[in-house]
Amino acid sequence: TGHDLPVENLPLPKDFSWGAATAAYQIEGAVSQDGKGKSIWDTFTHLEPSRTNGENGDIACDHYNRVAEDVGLMSSLWVDVYRFSISWSRLIPLGGRNDPINEKGVAFYNGLIDQLLAKRIKPVVTLYHWDAPQGIYDRYGAFLNTAEFKADYEHYARLCFTRFGDRVKTWVTFNEPYIISIFGHHSGVLAPGHCAEMGTDTKTEPWRVGHTLILSHASVVQLYTKEFQPSQAGTISIVLNSHFYKPYSSSQADVDAAQRRLEFYIGWFGDPIFLGQDYPVSMRSYLGSRLPQFTSDELQLLQQTASSKAFYGMNHYSTKYARALPSPPAADDWTGNIEESSVNSEGIEIGPVSGLQWLRMAPEGFRKLMNWVWNRYRLPIIITENGCPCPGETQLEVAVNDEYRERYLGLYLDAISRAIYEDKIPVQGYYVWSLMDNFEWSAGYGPRFGIVHVDYATLKRTPKNSAKYLKETFQKRRQQL
Ligand code: GBH
């Protein structure tokens, strides 16, 4: 279960790329500098600070003012790739298609991209990592109005392709649509914080949000392939996250539950986007009319864009057990009537706990997830996020001697090697979450996911042992075959 496995430093292909990932709101700070507009995360953190441990991204890592230092850091780690996200409200402060463009925001990302390329680091750019402009939320509820959102998002994407597409060759439309839908519009622990207590119709709203995300993704893929790809020659896809799920017991009900849980997590988005078809049958049968319908025009768009897909972007951290609930599903159930846990029917833990309860070291589940995704979608996979906070990682000394993380990363890279060489799955790259400690959303600055430590009092960056380990292990692993 990962408790006592040795790290084997198994080989990786010569052209396998490694990188580090971040997201705008989690690192940039400079929250109203140079004309940036407000996002739903500014509102979420300031309106009710207890939702984010009293903390916010106003300053974060102040990356906005420390780009040169941070690019230098990456260069010293020999990363091939830097995956970052663009803050929509930095480029278009009010967010909409008729609103003014903030040239200072454009200049910031131009500078970042140029500095990366000067160090031969390839930018992988996420258009949306959870920070919708407050303006589009105020006007029409952002994702709640599919047509308005789609039009504004297309305009924003077009701006990014026009201004940055000569140098950016890999695009991600949305980071983790599942999280945006469920955590933003059902449990409400992430912005915009919609939940039953706030009067949200949690029976339908998350599925409407998901529908908007799928259709907006598809229309931006179409936009890129038609108008930009012929000259810019890049690729575009989406990043989906999921735990892997193992059955809670050997009962058929639990075996089915584990499969169904993955369909509700990944198939929800993956089937329409990568297969160009309706939501999974299991979702239709559990959710019935709660799930929106695709029109025939929309299905056609999905089919067309499904064939232009380039890779499956996988964010993955941990594995859980899935247990079929005996009682009928709750009216607003979003799981397929499943309970999740970290311990199975025999009391066996899925793996050693990290600095966060939900995140346990379980490399075997990672390998199984790559197999599940490959069998369903037959697409090359890029691991766009993976990493962890260490248990007790509060002081600098503990943080820098990050043994738990080193072991976790080592075992997860071994799982990729097995997926590639034993399971014959084309896994092309690995981006560690995260380059540096940062604002961990509802958990604030507590959990530290960085391979570089950030002292939030001084903003000083200190590479942890795991940073050195990654630099060295990629060098070694890629030389072995
Ligand atoms: C990613 O989300 C994000 O892309 C990134 O911004 C973030 O910093 C990183 O992971 C680390 O968390 O109910 O068991 O699912 C991962 C999705 C959603 C995982 C909330 C943890 C809560 C526990 N996260 N989830 S659980």
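What you see is a predicted model, and the numbers here were worked out from it, not measured in a lab. Chains are numbered independently. Their residues run from 1 in the order of the written sequence. At least 70 in pLDDT is required for a residue's local features to be given in this predicted model, at least 80 for side-chain atom pairs to be given and counted, and no such filter applies to totals for whole chains, interfaces and linings, which use all residues. Note: side-chain values were computed over all heavy atoms of the structure, leaving out hydrogens and water.

1. As for the sheet that holds strand β7 (residues 312–315)
Should DSSP find at least two bridges between two strands, the strands are regarded as paired. Put simply, DSSP marks the helices as runs of H or I at least four residues long and the strands as runs of E at least two long, and each gets a number from the N terminus on. Spatially, β1-β2-β3-β4-β5-β7-β10-β11 is the arrangement adopted by the eight strands of the closed barrel, whose pairing is parallel. Each strand axis lies, on average, 25 degrees off the axis of its neighbour in the sheet, ignoring direction. One ladder, built from three bridges, connects strand β10 (residues 381–385) with strand β11 (residues 427–433); its direction is parallel. Across the sheet, the residue bridging to Ile-382 is Gly-429, located in β11. Strands in contact with helix α8 (residues 177–185) are β3 (122–128), β4 (170–175) and β5 (235–241); relative to β5, the strand with the most contacts, it is inclined by about 45 degrees. We call two residues in contact whenever any of their non-hydrogen atoms come within 4.5 Å of each other. Lines fitted to C-alpha atoms define the axes here, with helix axes fitted over just the stretch in contact, and angles between the N-to-C directions of these axes take values from 0 to 180 degrees. Sitting on the sheet, helix α13 (residues 363–377) is in contact with β7, β10 and β11, with an inclination near 155 degrees to β7.

2. Considerations on unusual backbone geometry
For the peptide bond that leads from Ala-191 to Pro-192, omega is 5 degrees, which places it in the cis range. Of note, Pro-192 is situated in the loop between α8 and α9 (205–232). Backbone torsion omega between Trp-433 and Ser-434 reads 10 degrees, so that peptide bond is classified as cis. For Ser-434, the position within the fold is in the loop between β11 and β12 (452–455). In the Ramachandran plot, Asn-53 falls in the positive-phi region, its phi being about 60 degrees despite a non-glycine side chain. Relative to the helices and strands, Asn-53 is located in the loop between α2 (40–47) and α3 (67–76). With a phi close to 65 degrees, Leu-459 is a non-glycine residue in the positive phi region.

3. Overview of the pairing of β11
As a general feature of sheets, a regular strand has side chains that alternate between the two faces. Counting buried positions over the seven residues of β11 gives six, a clear majority of the element. With five bridges joining them, strand β1 (residues 17–21) and β11 adopt parallel strand pairing. Bridge pairing in β11 links Ala-20 to Val-432. Only protein chains enter the accessibility calculation, which uses a 1.4 Å probe; a residue is then buried when its area is under 20% of its type maximum, exposed when over 50%, and partly exposed in between.

4. Comments concerning the confidence of the model for the protein
Within a predicted model, pLDDT stands for the predictor's per-residue confidence, ranging from 0 to 100. The pLDDT averaged across the protein works out to 97; a share of 99% of its residues lies at or above 70. Both scores are given for the predicted complex: the pTM is 0.98, the ipTM 0.91.

5. Here's the deal with the packing of helix α10 (residues 252–275) against α13
Contact pair α10 / α13: the axes reach a minimum separation of 11 Å and the direction vectors enclose 40 degrees. Here α13 runs oblique to α10, going by the angle between their axes. Crossing of α10 over α13 shows right-handed handedness. Facing Gln-259, Leu-262, Glu-263, Ile-266, Gly-267, Gly-270, Asp-271, Phe-274 and Leu-275 of α10, the residues of α13 in contact are Leu-369, Trp-372, Val-373, Arg-376 and Tyr-377. Residue type decides the class: Asp, Glu, Lys and Arg count as charged, Ala, Val, Leu, Ile, Met, Phe, Trp, Tyr, Cys and Pro as nonpolar, and the leftover types, Gly among them, as polar. Of the residues assigned to the contact of α10 with α13, the class counts are eight nonpolar, three polar and three charged. In this scheme, roughly parallel covers angles under 35 degrees and roughly antiparallel covers those over 145, while 65 to 115 is roughly perpendicular and the rest are oblique. Should the near helix be turned anticlockwise from the far one by less than a right angle, the crossing is termed left-handed; should it be turned clockwise, right-handed.

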